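# A look at the structure
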Amino acid sequence: RLKARISQASTSEVYGDPSVHPQTEGYWGNVNPIGPRSCYDEGKRCAETLFFDYYRQHRLDIRVARIFNTYGPRMHPNDGRVVSNFIMQALKGEEITLYGKGEQTRSFCYVDDLLDGILRFMDRPADAEGATGPLNLGNPGEFTIRQLAEKVIQLTGSPSRIVFRPLPQDDPMQRQPDISLAKRQLDWAPKVCLDEGLKPTIEYFARMLS
């Protein structure tokens with residue numbers, strides 16, 4: 001009604017447990033539609049479908065960003081994300097829980113970098129090439145979950161030890177964005193490395209606990 005430009009915060013979870021690595025926007029994904037994780041994965045895939053239906057039928061001005069793991073200050077301590085979980089466990093001196101052998105990989109994007117990408121994406125003219133997306137926004141630096149846990153322990157100076165639990169069903173083993181499209185279309189790439197971004201994030205949680 002208002003001819004507004006609408007952003008959909010989609011997710012790398014649309015790629016499921018990928019058989020293509022790194023993941024490009026043209027990859028359709030590998031999602032178990034009836035698995036324990038499927039509610040989130042398929043919900044986001046359905047949302048993308050509906051956005052593109054409205055784009056095709058009503059020329060709605062959409063931007064669909066596939067966001068990879070994002071972290072930074074002001075995360076909720078109990079949001080269930082791996083970065084906040086590890087930091088809270090480390091600051092409390094609790095055991096840090098890894099699933100499987102901790103060899104799953106993820107790519108962590110600092111919140112400032114992500115917001116810069118989203119704003120650039122939203123500012124693209126509607127008639128620009130690929131203006132609607134979907135567009136990967138994330139940091140292509142790839143780390144195992146165990147490497148993340150070790151970094152958090154080191155940066156917090158925590159006495160926490162790492163413990164291992166069985167790997168959940170359908171947990172993706174690899175996750176890394178191909179951001180070639182964002183580089184070309186937005187002249188965008190993340191600037192904050194993981195160590196640099198973890199420091200203010202840890203400081204935020206430490207202040208919260210104190």
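We now turn to the structure provided with this report. Since we're looking at a predicted model, the values are computed, not measured.

### With respect to the packing of helix α4 (residues 145–156) against helix α6 (residues 194–209)
Where α4 meets α6, the closest approach of the two axes is 11 Å, and the angle between their N-to-C directions is 55°. Put simply, α4 runs oblique to α6. Handedness of the crossing formed by α4 with α6: right-handed. In this structure, α4 contributes L148, K151, V152, L155 and T156 to the contact, and α6 contributes L194, D195, L198, K199 and I202. Here the contact of α4 with α6 is built from residues that sort into six nonpolar, one polar and three charged.

### Here's the deal with the sheet that holds strand β2 (residues 62–67)
Strands sit in the order β1-β2-β7 across an open sheet of three strands; the sheet is parallel. The sheet is open, and its two borders are formed by β1 (6–11) and β7 (135–137), each paired with just one other strand. Neighbour to neighbour, the strand axes of the sheet diverge by 35° on average, direction disregarded. Direction of pairing for β2 relative to β7: parallel, over a ladder of three bridges. When the sheet's bridge partners are listed, R66 is paired in β7 with N136. In the packing of helix α1 (residues 38–58) onto the sheet, the strands contacted are β1 and β2, and the crossing angle to β1 comes to about 150°. Across the sheet, helix α3 (residues 111–122) lies against β1, β2 and β7, angled at about 160° from β2, the strand it touches most.

Here is what the cut-offs are and how they apply
Residues numbered from 1 in each chain as written. Predicted model: local features only at pLDDT ≥ 70, side-chain atom pairs only at ≥ 80, totals over all residues. Heavy atoms only, no water. Axes fitted to C-alpha atoms, helices over the stretch in contact; angles between N-to-C directions. Helix = DSSP H or I, 4+ residues; strand = E, 2+ residues; numbered from the N terminus. Parallel < 35°, antiparallel > 145°, perpendicular 65-115°, else oblique. Left-handed = near helix turned anticlockwise from the far one by under 90°. Contact = heavy atoms within 4.5 Å. Nonpolar A, V, L, I, M, F, W, Y, C, P; charged D, E, K, R; others polar. Pairing = 2+ DSSP bridges.

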